[in-house]
Amino acid sequence: MKIQLEIKHASVAYADKPVINDVSLELEAGTIGCLLGPSGCGKTSLLRAIAGFEPLSAGEIQLQGRVVSRPGNTLAPEQRKVGMVFQDFALFPHLNVGKNVAFGLKHLPAVERDARVNELLDLVNLRHLRDSHPHQLSGGQQQRIALIRAMAPRPDILLMDEPFSSLDTELREQLAREVRHLLKRDGITAILVTHDQLEAFAMADKIGVIYDGQLKQWDEGYNIYHTPSDRFVADFIGQGVMLKGEVLNSQQIKIELGIIDGTVPAGCKPGCPVEVLLRPDDVIHDDHSELQLEVRSRTFRGAEYLYTLILPSGQDILCLVQSHHSHNVGEKIGVRLEMDELAIFTKGDQ
Amino acid sequence: MRYLSYWSISATAIALLLAAPVLVIVANIFVPAGDVWAHLAATVLQDYVINSLLLMVGVTLGSCFLGVGTAWLVAMTQFPGRKLFEWALLLPLAIPAYIIAYTYTGMLDFAGPLQTALRELTGWGYGDYWFPEIRSIEGAAIMLALVLYPYVYLMARTAFIGQSLCVLDVSRSLGNGPWRTFFTVALPLARPAIIAGLSLVLMETLADYGTVQYFGISTFTTGIFRTWYGLDNAPAAAQLAAILLLFVFVLVTLERISRQRARYHDTSRRHQELRRYQLRGINKWLASLFCSGTLLLGFLLPAGQLLIWALTTAGEMLDTQFFSLLLHSLGLATAAAVLALITALLLAYARRLQPIAPIRYAVRISSMGYAIPGTVIAVGVIIPLGWLDNAIDSIMRSQFDISTGLIFSGTLFALLFAYLVRFLTVSLHAVETGLERITPSMDEAARSMSYTPLDILRKIHIPMLRGSLLTALLLVFVDVLKELPATLILRPFNFNTLAVRAYELAADERLADSSTAALAIVLAGILPVILLSYSLSRSRHEDTTGN
């Protein structure tokens, strides 16, 4: 596949204070990337650097093979064919919906411009609102208009800064699905910034976890969840516990729950102490299992229960069970492990 | 590098220029004023302080009684005419205090309609009865309170509307009656807002020259005039001005603190629809009576009297001289409004594009003027300009044997500069409110759609700012039209404006003749009131949507 966006060792600094430090990533044409991280981690600064609003202090950014940013040389945002969707949508209050969408199409003849606006409004089923003003729209409608306004000039890349954060939860999930469908249908390359991992999983093909200005991992959602590259990613994404273990050989590790198979990281000799990430869905409820653990507490989540179980050593593990299996606190339930991937950390890891 | 941009340099230059009059006043504290100062201190200084304080106490009582009372009724209760009073109660703002002062004098003095009617009714003659003297310190306090209470009304109304009804309901459910709830919950919660409004009222009270001069009360503003013209002692006048500034400084600090507190006293983020107390029986008519009485005394009566006078004297007053007055006033007000708008735009954009500390301070310094009395600014302007003129003149005389005379002082330049210092805040506030609506992400959205900064200015900023720019122009325009003390001191020789003429005719006891000019000022003053009431009705609309 063609590479649409390439970032090489990019750094961004405000008044000599680095906010993005040596980030490299590639995004293929037609895929959706996501920058995920806690607030203040620098993800928005990276997005704004891609858009051209922030200069780079080191490294470079290429769009379609063309260098658009490097230290001392930043192509202005208006010259780099990026579309941008803002957190507050930034619809122009003095223009109606149709004129907002047409705003970036000034280079087109009137007839074509009109056709493009209608086409986009049809895409989100809002053609009837063409003459309305932004303040007359609901939050979800404003979001859709902001999206198609950014899509209208067919940008090389669409950048979305927390595009759903001002909407309520239910609408957020529905819109995330809808937006992904739209982008995929038109083969648009996009990057969104969010602090919500479920949104990242729902929207993105590739997720970059950012912490403290550094890109910790750039990978598919599945891999981010099951094989996090370091302790921060393991902790930030999903739930889980770290269990102490001991390397037996290059294929096996012994933990309190038994011996598990998997590839042990290079450099780990037999006998070396490690920690293994155990996700709640790695622990399967099985009444016939020999391993019976006491329930310390449970949280009802609708489709499932999240049980906290006590190991003989006193450490807790989490276990996700269909909600038909209701057990009270203090009961013992049988569990077994089912781990396809192993996330193993040695002491030296952060 | 960013600290030395064009923006920061011009913002700093403007701030320094606008701060100059105040700096001159402060610097003059250290200039010896000779015997005059000792003389002032021994004779009249005490009067100035006592009279100013008495006036402030009186105006505080009056404007709080009228302002808080009407605000509570209009915000929290339902009675006949409530919607009308909501905006009409702002109308007294249209009348400058000096105009209401001599209108009431005309109505209440011995030859006025009230006393004449009283004598005809009773057959009393001169000296047979006691009648309250309007030209007294109490009278001045009442006059000022009648036209200044809307500041308190505006702030208190917003505060009452902002109070969550739940707090009031909690108080009721704990066994407090409506009156007790008002005094123990609603009033303390609104107190910071009321104090903020009151400090504006008191700043205007201290700045007033026309009323106290007309009533013959010695305060700082009249004292500065007398020292300036009567004793011809600039340092002494500046030192009196410095003491007045001290009073103002206390008020500004009070206002700033109160505004900050007011934010924390907002008890709910999302307001439910206000359920107003439905007043019944005699109470609802008493509420109507209170509001209509305030409106009658603060606006309808004086405006009506002006209209009657104007109709009887219009024939002789509407001569060519009047139209030249009109032309002077309109020209001056327009020039000042445009000048203030350009300066405000420059400062506001500097702050938006480069929100760095030096620019923020420059903007803040440039907007101090609203608190500083026109008399003080005038003295602060004329001292350095006079010095500059003398310096230029002596250089020219010694070098080229030409006398240049007065170039800056005593010209329209000095007057416009003083207006700029005094009223820049007004237009800066309007421009900044407008700019706030244009979020930075709107600029960025446009840039990401291939618009250059110039396009963005043309397509987004100008269309979105248009209303605010007009507001800024209009407000300064009307303020300049009403301004009296600075115009009196700084105007070029024989250059008259509506305000000056109205004041001069009134001072000559030609009250009826002064009414044409006064009425023109009042009519212009109604324009900003309409603007204000429009934004009030909009805020009311926002209160009730979303249910």
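Residues numbered from 1 in each chain as written. Chains lettered and ligands numbered in written order. Predicted model: local features only at pLDDT ≥ 70, side-chain atom pairs only at ≥ 80, totals over all residues. Heavy atoms only, no water.

1. Topic: the overall build of chain B
Working step 1: If you tally the helices and strands in chain B, you get 22 helices and two strands.
Working step 2: Taken against the 2.2 N^0.38 rule, which gives 24 Å for 547 residues, the C-alpha radius of gyration of chain B at 25 Å falls within 12% of a compact globule.
Working step 3: Overall size of chain B, expressed as C-alpha extent along the three principal axes, is 85 × 85 × 50 Å.
Working step 4: Among the 547 residues that make up chain B, the fraction classed as buried is 52%.
Working step 5: Excluding contacts between residues fewer than 6 apart, the proportion of contacts in chain B whose partners are at least 24 apart in sequence is 82%.
Working step 6: Looking at chain B as shown, the accessible area adds up to about 25,500 Å², and 67% of this sits on carbon and sulfur atoms.
Working step 7: Here chain B holds 37 positive side-chain charges and 33 negative ones, and the gap between their average locations is 15 Å. (Helix = DSSP H or I, 4+ residues; strand = E, 2+ residues; numbered from the N terminus. Rg over C-alpha atoms; globule rule 2.2 N^0.38 Å. Buried < 20%, exposed > 50% of the residue type's maximum accessible area, 1.4 Å probe, protein only. Contact = heavy atoms within 4.5 Å. Areas by Shrake-Rupley, 256 points an atom, 1.4 Å probe, with all protein chains shown as cover. Lys, Arg positive; Asp, Glu negative; His and termini not counted. Charge placed at Lys NZ, Arg CZ, Asp CG, Glu CD.)

2. With respect to the domain arrangement of chain A
All names here are of chain A.
Working step 1: Looking at chain A, the domain boundaries give domain 1 (3–235) and domain 2 (240–346).
Working step 2: Just the C-alpha atoms count here: the centres of domain 1 and domain 2 sit 38 Å apart.
Working step 3: Each partner contributes residues to the interface: domain 1 has ten residues there, and domain 2 has 13 residues.
Working step 4: In this assembly, domain 1 packs against domain 2 so that about 920 Å² is buried in total across both faces, 50% of it on carbon and sulfur atoms.
Working step 5: Contact with domain 2 buries area across many residues of domain 1, yet Tyr225, His226 and Arg231 alone supply 57% of it, more than any other trio.
Working step 6: Inspection of the region where domain 1 meets domain 2 yields one salt bridge.
Working step 7: One salt bridge connects Glu275 with Arg231, and the closest N-O pair in it is separated by 2.4 Å.
Working step 8: Of all the elements in the fold, those that place two or more residues in the side of domain 1 that touches domain 2 are helix 7 (221–226) and helix 8 (231–236). (Domains from an automatic or database assignment. Buried area = accessible area lost by both parts, 1.4 Å probe. Salt bridge = Lys/Arg side-chain N within 4 Å of Asp/Glu carboxyl O.)

3. Overview of a nonpolar patch on the surface
Working step 1: A surface patch of nonpolar side chains, about 310 Å² in accessible area, is lined by Leu296(B), Leu297(B), Leu300(B) and Leu301(B).
Working step 2: Mapped onto the elements of the fold, Leu300(B) is located in helix 13 (residues 281–317). (Patch = residues over 30% accessible without salt bridge, like charges linked within 9 Å, V, L, I, M, F, W, Y side chains within 5 Å.)

4. Thoughts on the pairing of strand 5 (residues 66–70) of chain A
Residues and elements named next belong to chain A.
Working step 1: In terms of strand pairing, strand 4 (residues 58–63) meets strand 5 through three bridges, oriented antiparallel. Note that in strand 5 the partner of Ile61 across the bridge is Ser69.
Working step 2: Counted between consecutive antiparallel strands, the loop separating strand 4 from strand 5 contains two residues, among which Gln64 sits at a positive phi close to 50 degrees.
Working step 3: The pairing of strand 5 with strand 6 (residues 73–74) spans two bridges and is antiparallel. Its bridge partner being in strand 6, Arg70 is matched across the sheet by Asn73.
Working step 4: Following strand 5, the chain reverses through two residues before pairing antiparallel with strand 6; Gly72 in that reversal takes a positive phi of roughly 80 degrees. (Pairing = 2+ DSSP bridges.)

5. Examining the pattern of salt bridges
Residue and element names in this part refer to chain B.
Working step 1: Within the structure shown, the criterion is met by 29 salt bridges over all chains.
Working step 2: Here Glu504 ties to Arg501 by a salt bridge, and the two come within 3.6 Å at their closest N and O atoms. With a gap of three residues between them, Glu504 and Arg501 both fall in helix 21 (residues 498–507), about one helical turn apart.
Working step 3: You can call Arg501 buried: its relative accessible area is 17%.

6. Brief notes about unusual backbone geometry
Residues and elements named next belong to chain A.
Working step 1: The phi torsion at Ala90 lies on the positive side, around 50 degrees, for a residue other than glycine.
Working step 2: Not every positive phi belongs to a glycine, and Arg154 is a case in point at roughly 50 degrees.
Working step 3: The class for Arg154 is exposed, based on a relative accessible area of 52%.

7. A closer look at the nonpolar core
Working step 1: Counting 213 residues, the largest nonpolar core has Leu5(A), Leu159(A), Ile191(A), Ile99(B), Tyr102(B), Phe160(B) and Leu490(B) as the members making the most contacts within it.
Working step 2: Setting aside chain neighbours within four positions, we find Leu159(A) in contact with Leu47(A), Ile50(A), Ala51(A), Val82(A), Gly83(A), Met84(A), Val85(A) and Ile191(A). (Core = buried A, V, L, I, M, F, W, Y, C linked by side-chain atoms within 4.5 Å.)

8. Things to note about the interface of chain A and chain B
Working step 1: Chain A puts 18 residues into the contact, and the matching count from chain B is 19 residues.
Working step 2: Of the roughly 1,700 Å² buried at the junction of chain A and chain B (both faces included), carbon and sulfur atoms supply 64%.
Working step 3: Taken together, the connections running from chain A to chain B amount to three salt bridges.
Working step 4: Glu78(A) serves as the salt-bridge partner of Arg447(B), at 2.9 Å between the closest nitrogen and oxygen.
Working step 5: The interface formed by chain A and chain B includes seven residue pairs in polar contact (both at pLDDT 80 or more).
Working step 6: Split by residue class, the side of chain A that touches chain B holds eleven nonpolar, two polar and five charged. (Polar contact = N/O pair within 3.5 Å; in protein donor to acceptor, adjacent residues only side chain to side chain. Nonpolar A, V, L, I, M, F, W, Y, C, P; charged D, E, K, R; others polar.)

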